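# Results of the structural survey
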Amino acid sequence: MSPAHTSPSRPDHSASPSLPTHRSEPPPPTTQETTKFVDDLPSDGQECETVEVREGENGGRQKWGRQIEFILSSLSYAVGLGNIWRFPYLCYRNGGGAFLIPYGIMLIVCGMPLMFFELCLGQFGREGPITVWKICPLFQGIGYAMFMISFYIGCYYNVVLSWAIYYIYSSFTHTLPWTSCGDEWRSEYCKEFNSRNCSLNGGIMNMTGECIFRNMTTEEEWDTLNTTTSLLKSPAHEYFHNHVLDITDGLHDMGGLQGNIVLALMVAWIIVYLVLIKGVETFGKAVYFTATFPYLILIVLLVRATTLPGYMNGINFYLTPQWDKLFTASVWGDAAIQIFFSLSPCWGGLITLASYNRFNNNCYRDAFVVSIGNCLTSFFAGFVIFGIIGFMAHELGLPVDKVAVQGAGLAFVAYPEAVARLPLSPVWSILFFAMLLTLGLGTQFTILTTIITTITDDFPALRGKNFKWALLGACIVMYIIGLSMATKGGMYVLQMMDFYSSTFSALMVGMAEVVVVTWIYGVDNFLDDIKKMLGFYPYPRQLWKYVWKYVIPLVVVLILVFTWLDFTPARYGDYEFPFWANAIGWVLSFSSVLLIPAVAVFKILREKGSFMERVKKLIRPLPEWAPPAEVCIRPNDSFGAKPLLKVTSFDEETAHKI
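Quantities reported herein were computed from a predicted structural model and do not represent experimental measurements.

## So, the overall build of the chain
A tally of helices and strands in the chain yields 25 helices and eight strands. Counting over 658 residues, the chain shows a buried share of 57%. Look at the contacts in the chain between residues 6 or more apart in sequence, and 83% of them connect residues 24 or more apart. Carbon and sulfur atoms make up 62% of the accessible area of the chain, which totals about 27800 Å².

Below you can see the structure in the form of structure tokens.
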């Protein structure tokens, strides 16, 4: 490239040792449809501090209406169901308050840097997770892997939300249906009598409601009684499994469709479709609600929980530090895994959300706000959850650790059972499940935005007037797939997809994207690109350089190793998945990751020249990996300066000046 045609604001990426060759020669500038405004074109060759990009209203890609919409959407995406039903349980299991130390360290060395990394990648590239890989075309398969991970998650995530919708519907009654064992769905093990006094006095209540003490039976009879009572189920447990799910004995018996869940799932997809019907224009308005409403409900529930007996027992159990746990490898592994999956990197969502930012948006600040806000939400939610669990333990006369659960068991069994014991129980039930629904929708909106953005970036003809039809098609396809999880055996399918679709695959994708950008494209080049957006290098520059290049890959490898060593095959309750089901799960997991080498091989075969010539060409960034139009801003210049030149045709003379 001739020096005369090199923009003074564009760093010379060819100077980095990470790139074996110079950038591809860009094609001659062509007319742009978008109007660009240019401030004070430099004529003295002075180095630019940053590049400001100003796009007119007719730009082809949507933008957030206000920058707060991006922050709220990112927070709504990161803060999901796991913050409510997984983090508090992990905290108590891994040393209570002591767990916050490894959790905070993993946030600093892994979570926050990875979030900032993906926000920068999406904001600079202004593309979805597939087309953004113009930064290194050989590895565009990383984008396809992200797309598949989001697709898998989106298919089953709305099924969980359909349960919340059905519980909200069922709560509009004078007495919650799971308060007692209903005739239609109860089994012989359904227990609706209060065993608190019996348990506190060391006895066991038998199947008829009689309190039996150890000195009243023989040793053999006592053991038999223990075994029998372990089979007893609460009305809330029976309602969820026998009525809502009508669950079968295993994958060998899928049963028919559950009509209530089929209808609720349709409602969930209609909500998602209507919110996203105009892309980020309507999505940006919805997040004002989805990102703030859960906090309002959490505060209301916390105030109520503090008035319940047993609240402090639950909080003490949640926070009491067990310092010896810090010397256990599994605690650090759990902290790293929770941070990694809580912020939801490597699914393509963060890249997608950032791609709708203004080019000069301060994503450095946003990464701190969202990642810290997400972790504080998890910690705050623990006070609500364990306060209620403490109350539940008090009511049952049991230790807190006998009541504490995680996952769907917490949301759809333990918590409903607790609120059924409160005055005005339908009100508290509606508030809790409305909060769950809102949290889940915030994540689902971004997941589907990622999917539809990927499709429309690959096929621009589907933008504009055709966008709503592309969105409708995606919703219908994912709804149909979700119907397999709305059957009586659908819970097993959902557990298998959740277990395999986004654990190992997301970790491997995360490793690949960081290594490709920092080692092949070059971490110095990437930092230069960030400076063009922000006007400064992220501080301290050397720290970010080494964290991205060495620390994050090392941490992800350690998480992978720990996850593999700690691996146990998928199961649900007492049901262990058969070998063939686990085999299908592994196929599902690697179906996304294998797209990385598959796409690379496909691209190499399409190129001309020797093998090394093809590879060298494909690892160069494309000319499009640059701002759409560059405006040099000198030191101390204001971004708000009045434009002196309006450019509607990007001719060669203007390109030379810019």
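## Focus on the confidence of the model for the chain
Here the chain averages 83 in pLDDT, and 84% of its residues register 70 or above. Per-residue pLDDT stays below 50 along residues 1-47; that stretch engages in 115 contacts with residues further than four places along the chain or on separate chains. Low pLDDT, under 50, characterises residues 631-658; the predicted model gives this stretch 74 contacts beyond four residues in sequence or across chains.

## So, the packing of helix α4 (residues 100-125) against helix α15 (residues 363-396)
The geometry of α4 relative to α15 is characterised by a closest axis approach of 9 Å and an angle of 140° between their N-to-C directions. By the criterion of interaxial angle, the relationship of α4 to α15 is oblique. Classified by chirality, the crossing of α15 by α4 is right-handed. Side by side, α4 and α15 meet where L100, Y103, L107, M112, M115, F116, L119, C120 and Q123 of the first sit next to C363, Y364, A367, F368, V370, S371, I372, C375, S378 and F379 of the second. Split into classes, the residues belonging to the contact of α4 with α15 amount to 16 nonpolar, three polar and no charged.

## Details of the state of the cysteines
According to the stated counting rule, one finds one disulfide in the structure shown. Here C346 stays free of any disulfide, with the sulfur of C110 as its closest cysteine sulfur at 8.6 Å.

## Description of a nonpolar patch on the surface
A contiguous nonpolar patch, built from L263, M266, V267, I270 and L274 and spanning about 440 Å² of accessible area, is present on the exposed surface. Relative to the elements of secondary structure, L263 occurs in helix α9 (residues 259-276). For L263, a relative accessible area of 54% translates into the label exposed.

## Digging into unusual backbone geometry
Residue P540 follows Y539 across a cis peptide bond; omega there is -15°. Assignment of secondary structure puts P540 in the loop between α20 (504-534) and α21 (541-565). Residues other than glycine seldom take positive phi values, yet R126 does so here, at roughly 55°. Tracing the backbone shows R126 in the loop between α4 and α5 (141-171). You can call R126 buried: its relative accessible area is 13%. Residues other than glycine seldom take positive phi values, yet L424 does so here, at roughly 55°. Relative to the helices and strands, L424 is located in the loop between α16 (408-419) and α17 (425-458).

## Some details on α4
An ideal rise of 1.5 Å per residue puts 38 Å on 26 residues; α4 measures up with 35 Å between its terminal C-alpha atoms. The element α4 is largely enclosed, with a buried count of 20 among its 26 residues. Looking one or two places after α4, you find R126, whose phi comes out positive at around 55°.

## Some remarks on the packing of α20 against α21
Viewed as axis vectors pointing N to C, α20 and α21 meet at an angle of 170°, and their least axial separation amounts to 10 Å. Considered as vectors, α20 and α21 are oriented roughly antiparallel to each other. Of the residues in the contact of α20 with α21, the class split is 20 nonpolar, two polar and five charged.

## Comments concerning the packing of aromatic side chains
This structure, assessed with the given rule, holds 59 aromatic pairs. A centroid spacing of 5.0 Å and a plane angle of 65° characterise the contact between F116 and W544, whose relative ring orientation is edge-to-face. Residue F116 is located in helix α4, and its partner W544 is located in helix α21; the two are separated by 428 residues in the primary sequence. For W544, a relative accessible area of 7% translates into the label buried. With 6.1 Å between their ring centres and 40° between their planes, Y166 and Y169 make a pair best called tilted. One end of the pair, Y166, and the other, Y169, are both in helix α5, three residues apart, so they sit about a helical turn from each other.

## Points about helix α11 (residues 293-305)
For an α-helix, 3.6 residues make a turn, and residues three or four places apart therefore share a direction. The end-to-end C-alpha distance of α11 is 18 Å, a good match for the 18 Å that 13 residues give at a rise of 1.5 Å each. Taken together, the buried positions of α11 are F293, P294, I297, L298, L301, L302 and A305. The arc that holds every buried residue of α11, seen down its axis, measures 165°, which confines them to one face. Across from the buried face of α11, at angles greater than 90 degrees, the exposed residues are L296 and V303. Of the surrounding elements, those touching the buried residues of α11 are α2 (81-85), α10 (280-290), α12 (311-319), α15, α16 and α17.

## Digging into the nonpolar core
Counting 207 residues, the largest nonpolar core has F116, W163, F240, F412, L448 and W548 as the members making the most contacts within it. Among the elements that take part in this core, α5 stands out by supplying 21 residues, more than any other. What W163 contacts, discounting residues up to four positions off in sequence, is F240, L245, I261, F412, M491 and L494.

## Here's the deal with the pattern of salt bridges
Taken as a whole and judged by the stated rule, the model has twelve salt bridges. As a salt-bridge pair, R571 and E576 come within 3.3 Å of each other at their nearest N and O atoms. Among the residues examined, E576 registers a relative accessible area of 53% and is labelled exposed. Residues joined in a network through salt bridges with shared partners are E395, E417 and R421.

## Side note on the environment of C155
Following the sequence through the fold, C155 ends up in helix α5. The spatial distance from the C-alpha of C155 to the C-alpha of I481 is 6.5 Å, given a sequence separation of 326 residues. Look past the residues within four positions of C155 in its chain and what remains in contact with it is M478, I481, G482, M485 and M497.

About the cut-offs
Residues numbered from 1 in each chain as written. Predicted model: local features only at pLDDT ≥ 70, side-chain atom pairs only at ≥ 80, totals over all residues. Heavy atoms only, no water. Helix = DSSP H or I, 4+ residues; strand = E, 2+ residues; numbered from the N terminus. Buried < 20%, exposed > 50% of the residue type's maximum accessible area, 1.4 Å probe, protein only. Contact = heavy atoms within 4.5 Å. Areas by Shrake-Rupley, 256 points an atom, 1.4 Å probe, with all protein chains shown as cover. pLDDT = per-residue confidence, 0-100. Axes fitted to C-alpha atoms, helices over the stretch in contact; angles between N-to-C directions. Parallel < 35°, antiparallel > 145°, perpendicular 65-115°, else oblique. Left-handed = near helix turned anticlockwise from the far one by under 90°. Nonpolar A, V, L, I, M, F, W, Y, C, P; charged D, E, K, R; others polar. Disulfide = S-S within 2.5 Å. Patch = residues over 30% accessible without salt bridge, like charges linked within 9 Å, V, L, I, M, F, W, Y side chains within 5 Å. Salt bridge = Lys/Arg side-chain N within 4 Å of Asp/Glu carboxyl O. Expected span 1.5 Å × (residues − 1). Phe/Tyr/Trp six-rings, centres within 6.5 Å; stacked < 30°, edge-to-face > 60°. Arc of directions from axis to C-beta. Core = buried A, V, L, I, M, F, W, Y, C linked by side-chain atoms within 4.5 Å.

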